[in-house]
Amino acid sequence: MAVLGGFRPQDIRNVAFVGHTGSGKTSLSEAILHRCGAVTRLGMVQTATTVSDFEPEARARGHSISSSLLFATRDSCELNLIDTPGSPEFIGQALAALPAVETAVVVVSAVNGIEFNTRRLFLAAGEMALARMIVINKIDANPAGLPALVNELKSAFGPALHCINLPTGGGADVIDCFDRAAGEADFGSVAEIHREILESSVEVEDAALERYLGGAEIELPALRRCFIEAMNRGHVVPIVFTAALAEVGVDDLLHILVEEAPSPASARPRRLRRDGEQVEIPCDPAAPLLGHVFKVSTDPYLGKLSTIRLLQGTLDARTPFVRGADGRPLKAGHVLKLEGRDHPEIESMAYAGDIVTVAKLEDLHVNDIVRSPALAGDFAPVLPPYPQPMMSLAVEPNKKNDKNDEIKLSGALARLIEEDPTLRAGQDPQTGETVISGIGEQHLKVAIERLESRFHLTLDVKPPKIAYRETITARAEGHHRLKKQTGGAGQFAEVFLRIEPMARGAGFEFASEVFGGAIPTQYIPAVEKGVHDALAAGELGGFPVYDVRVVVHDGKSHPVDSKDIAFRTAGKMAFRDACAKAQPVLLEPIVAVEIATPEAYVGDITADLKPRRGRVLGVDTAPATGMTIVRAHVPLGELAQYGGQLRGLTGGQGSFVVEPSHYDFVPPIVQRRLLAGREGARDERDED
Ligand SMILES: Nc1nc2c(ncn2[C@@H]2O[C@H](COP(=O)(O)OP(=O)(O)O)[C@@H](O)[C@H]2O)c(=O)[nH]1
Ligand SMILES: [Mg+2]
């Protein structure tokens, strides 16, 4: 099946649905497709029949876990919708969609109010300078609570928020307050809201403001132009009411998106980094091609699919383009439009501002910038900040000795990481294990399910190894004299050094204060290498040593027997000599945890954090949600399987997110316990 392409920038609307899980983003996307005639039957999340949640991992869970692209046409406008997952663990997918769109629609459940991801994504979209809109969905389920929720949203997100329609008939319908200046609503006044919209819109355009103040009527087209500019500037954030399942307010939302939301032509220009500097890219179809690969996925038949937001220029099957610095020519072959699992080919040229997909270009990766070969410069996207992956699991093919499976695993991991910027994988240099890291337990679980189902692997999965570190707490001197003069070539080197603790997070510093050639200058790098060997090997339990300054200040050399390798060994041994005297201790990673829970369980949660050595930093309430947020610092090592335990403590209602915070000293009792299992580790590595 082929679809019409060829939409011009002013006829395109790129919209991301973001917000917390369960607010109704997928249902709303489905309702939009239905209202636009893109599907004939309304799909349901409950019966796993939506266009967006097509992956087995999403259908099994009943909510989205990766973003999906949908499109529809309305009033000769093309609507590119990105339905994103709402779980904090899959927020990376939602963040990745932001650079591709003009408008972020933050969907809020009328029942649950402001939730963790509501706030986070509202702010991230603001940082990306997008137009923002809030949709209060499920108005059928809580019509009485709407006025309070509107007030709460305004107090959380500021005076830029204005309702643009209002519920009527107890949530059975809505009335538009933009086009109309009078009418009956369940609460609030249509006339007053119309005036509010008018006044805050004309404020952004001097000429319009003057005319308005002079008593002239502002025509609808002028009002729309001002309103869009006010949205672009974050001066106005409209609130729209919907009930997705009953398709209430969906036509109105579509009307607002088509008439009152920015197109790529009327939005602020996108930004890119060119040779390190931020530049604005006006959406100009006549300019040479620039595009941002913001999503990569795998299709069972077509293989790798790369989805591109065209920033300037045009693209069709024969347009030559290049990526990165290598300049190797690429060609799309086919230009597709993703729609959930489908990918019809487009018939004509795609213009700047559009979102299209190309298949089978193995060289394309997420966040690549593709460009016309005529454009010079090193381009990179401007991205929202991603959360750090903090939860780790060690994975290993079940058939341990099957070399093929190991190779398959590393290829599969590379593919998964490319699709998800919040997933990391790599070999732990300390343990040799293959470790994958993600935002939370569900995130990792999905990654492992995908590895197994999509790449036909069976994996053994183990709990995370914690990246402990070592440091010193006192200054100390170290010395080593290496002298081997038996048999053939001799070895001689002597090193005196001093080590001192540095501030937490300072890392490592190395300096030489050797005077008069006591150690010839050419051997100093070898001494530093030796010190690095010792840092990596650790002193107490084989954990790497951090936050230490090393000063080499004296030594001796031999005209024949001194060599790099001799000084490297002497440097290493002198450091270990000093380290043993410098009261070494273990450091552990501490994470900042935010736990969302119904208030009733706050006492149980803080009590449970105590034996985990957690330090509660604050307890905040989010009145609309009835949820309380407990913020704490907790050693990462004490959080293994916390997700399950938290669910147990809160009757399944609690959730949490972690972010790395800092390293801190391990208390002596815990240090003894941690080191007890590692006795002998030191000796095994004593190869000298
Ligand atoms: N009562 C009511 N339920 C809704 C509405 N929209 C969605 N839901 C239900 O809310 C749940 C979550 O919806 P979903 O679209 O998956 O939310 P998402 O996680 O934001 O994509 C599903 O069970 C939907 O059927 C609505 O307008 N009213
Ligand atoms: Mg969803």
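This is a predicted model, so every value here is computed, not measured.

Caption draft 1: Local environment of the overall build of the protein chain. Of regular secondary structure, the protein chain possesses 17 helices and 36 strands. Structurally, the protein chain occupies a C-alpha span of about 100 × 60 × 60 Å along its principal axes. Burial status across the protein chain gives 55% buried among its 688 residues. Long-range contacts, defined as pairs at least 24 residues apart, comprise 73% of the intrachain contacts of the protein chain with a sequence gap of at least 6. Carbon and sulfur atoms provide 51% of the accessible area of the protein chain, an area that totals close to 28900 Å². On the protein chain, the mean spot of the 72 positive side-chain charges and the mean spot of the 92 negative ones are 6 Å from each other.

Caption draft 2: Quick look at the site of ligand 1. Around ligand 1 sit 17 residues, and of these Gly-22, Gly-24, Lys-25, Ser-27 and Ala-244 come closest. The protein chains hide 87% of the 580 Å² of surface that ligand 1 would expose on its own. Among the elements that make up the shell around ligand 1, the one with the highest residue count is helix α1 (residues 25-35) (three residues). A per-class count over the shell around ligand 1 returns five nonpolar, nine polar and three charged.

Caption draft 3: Spotlight on the nonpolar core. By size, the foremost hydrophobic cluster in this structure holds 95 residues, and its most contacted members are Ile-134, Ile-136, Leu-166 and Phe-241. It is helix α8 (residues 220-232) that contributes the most residues to this core, six residues altogether. Not counting residues within four places of it along the chain, the set of residues in contact with Leu-166 comprises Asp-173, Val-174, Ile-175, Cys-177, Ala-185, Phe-187, Gly-188, Ser-189, Val-190, Ile-193 and Phe-241. Listed in part, the 39 residues of the second largest apolar core include Ala-412, Leu-451, Leu-639 and Tyr-642.

Caption draft 4: Seen up close, the packing of aromatic side chains. All chains considered together, the criterion is met by six aromatic pairs. With a centroid separation of 5.0 Å and 85° between ring planes, the pair formed by Tyr-642 and Phe-656 is classed as edge-to-face. Highlighted residues: Tyr-642 in helix α15 (residues 642-649) and Phe-656 in strand β36 (residues 655-665), separated in sequence by 14 residues. When sorted by exposure, Tyr-642 lands in the same class as Phe-656, which is buried. The ring of Tyr-546 carries Arg-469 above its face, with NZ or CZ at 3.7 Å from the centroid. Across from the ring centre of Tyr-663, 3.9 Å away, lies the NZ or CZ of Arg-469, which sits over that ring.

Caption draft 5: Representation of the packing of helix α12 (residues 524-537) against helix α13 (residues 564-581). Put simply, α12 and α13 touch, their axes get as near as 7 Å, and they point 45° apart. Classified by the angle their axes make, α12 and α13 are oblique. Taken as a pair, α12 and α13 cross one another with a handedness that is right-handed. Packed against α12, whose contacting residues are Ala-526, Val-527, Lys-529, Gly-530, Val-531, Asp-533, Ala-534 and Leu-535, the element α13 presents Asp-564, Phe-567, Arg-568, Gly-571, Lys-572, Phe-575 and Arg-576 at the interface. Within the contact of α12 with α13, the residues separate by chemical class into seven nonpolar, two polar and six charged.

Caption draft 6: The sheet that holds strand β10 (residues 237-241), seen in detail. Read across the sheet, seven strands follow the order β3-β4-β2-β5-β6-β10-β7 without closing on themselves; strand pairing throughout is mixed. For this open sheet the edge positions go to β3 (68-74) and β7 (161-163), each flanked by a neighbour on one side alone. Adjacent strand axes in the sheet meet at a mean angle of 25°, parallel and antiparallel pairs treated alike. Taken together, the three bridges between β7 and β10 define a ladder with parallel strand orientation. What sits directly across from Cys-163, in β10, is Ile-239.

Caption draft 7: α1, seen in detail. Within α1, nine of the eleven residues are buried, which leaves the element mostly enclosed by the surrounding structure. Within the span of α1, buried status applies to Lys-25, Thr-26, Ser-27, Leu-28, Ser-29, Glu-30, Ala-31, Ile-32 and Leu-33. Looking at the packing, one finds that the buried side of α1 touches β2 (12-19), β3, β4 (77-83), β5 (103-109), β6 (131-137) and α9 (250-260).

Caption draft 8: Region of interest: the packing of α8 against α9. Following both chains from N to C, one finds α8 and α9 inclined at 95°, their axes separated by 10 Å at the closest point. Classified by the angle their axes make, α8 and α9 are roughly perpendicular. Contacts between α8 and α9 involve Arg-224, Phe-227, Ile-228 and Met-231 on the former and, on the latter, His-255, Glu-259 and Glu-260.

Caption draft 9: Region of interest: the pattern of salt bridges. Within this structure, the stated rule accounts for 32 salt bridges. The shortest N-O distance in the salt bridge between Arg-309 and Glu-102 comes to 2.8 Å. Of this pair, Arg-309 sits in strand β14 (residues 303-312) while Glu-102 sits in the loop between α3 (91-97) and β5; the two residues are 207 residues apart in sequence, bridging distant segments of the chain. Under the relative-accessibility criterion, Glu-102 is labelled buried at 2%. Between Glu-500 and Arg-498 there is a salt bridge, with the nearest N and O atoms lying 3.4 Å from each other. Summarising the burial analysis for this pair, Glu-500 and Arg-498 share the class buried. Counted as one network, the salt bridges with shared partners bring together Arg-475, Arg-498, Glu-500, Glu-509, Glu-513 and Arg-549.

Caption draft 10: Region of interest: the environment of Leu-272. Positionally, Leu-272 belongs in strand β11 (residues 270-274). Taking the relative accessible area as the measure of exposure, Leu-272 reaches 1% and is therefore buried. In contact with Leu-272, other than residues within four places in its own chain, are Glu-277, Gln-278, Val-279, Ile-281, Leu-290, Leu-311, Ile-369, Phe-379, Ala-380, Pro-381 and Val-382.

Caption draft 11: Representation of the side chain of Lys-25 within the structure. Tracing the sequence through the fold places Lys-25 in helix α1. Among buried Asp, Glu, Lys and Arg side chains, Lys-25 stands out as unpaired, with Asp-83 the closest opposite charge at 5.8 Å. At 3.3 Å, the side chain of Lys-25 forms a polar contact with the backbone oxygen of Gly-19. Residues in contact with Lys-25, not counting those within four places in the same chain, are Phe-17, Val-18, Gly-19, His-20, Asp-83, Thr-84, Pro-85, Gly-86 and Val-107.

Caption draft 12: Highlighting the sheet that holds strand β27 (residues 459-462). Strand order in the open sheet formed by four strands is β25-β26-β24-β27, with antiparallel pairing between adjacent strands. Every other strand in the sheet has two partners, leaving β25 (424-427) and β27 as the edge strands with one partner each. Taken over all neighbouring pairs, the strand axes of this sheet differ in orientation by 30° on average, direction set aside. Looking at chain direction, strand β24 (residues 391-397) and strand β26 (residues 434-438) are connected through five bridges and run antiparallel. In the strand pairing of β26, Ala-394 is matched with Val-435. Set on the sheet, helix α10 (residues 403-419) makes contact with β24, β25, β26 and β27; between it and β24 the angle comes to about 145°.

Caption draft 13: Up close: the pairing of strand β16 (residues 320-323). In this sheet, strand β17 (residues 330-331) lies alongside β16 in antiparallel orientation, the contact comprising two bridges. Note that in β17 the partner of Phe-321 across the bridge is Leu-330. As paired strands, β16 and strand β22 (residues 369-371) are joined by two bridges and run antiparallel to one another. By the bridge assignment for β22, Arg-323 is matched with Val-370.

Definitions and cut-offs
Residues numbered from 1 in each chain as written. Chains lettered and ligands numbered in written order. Predicted model: local features only at pLDDT ≥ 70, side-chain atom pairs only at ≥ 80, totals over all residues. Heavy atoms only, no water. Helix = DSSP H or I, 4+ residues; strand = E, 2+ residues; numbered from the N terminus. Buried < 20%, exposed > 50% of the residue type's maximum accessible area, 1.4 Å probe, protein only. Contact = heavy atoms within 4.5 Å. Areas by Shrake-Rupley, 256 points an atom, 1.4 Å probe, with all protein chains shown as cover. Lys, Arg positive; Asp, Glu negative; His and termini not counted. Charge placed at Lys NZ, Arg CZ, Asp CG, Glu CD. Near = heavy atom within 4 Å. Nonpolar A, V, L, I, M, F, W, Y, C, P; charged D, E, K, R; others polar. Core = buried A, V, L, I, M, F, W, Y, C linked by side-chain atoms within 4.5 Å. Phe/Tyr/Trp six-rings, centres within 6.5 Å; stacked < 30°, edge-to-face > 60°. Lys NZ or Arg CZ within 6 Å of the ring centre and 35° of its normal. Axes fitted to C-alpha atoms, helices over the stretch in contact; angles between N-to-C directions. Parallel < 35°, antiparallel > 145°, perpendicular 65-115°, else oblique. Left-handed = near helix turned anticlockwise from the far one by under 90°. Pairing = 2+ DSSP bridges. Salt bridge = Lys/Arg side-chain N within 4 Å of Asp/Glu carboxyl O. Polar contact = N/O pair within 3.5 Å; in protein donor to acceptor, adjacent residues only side chain to side chain.

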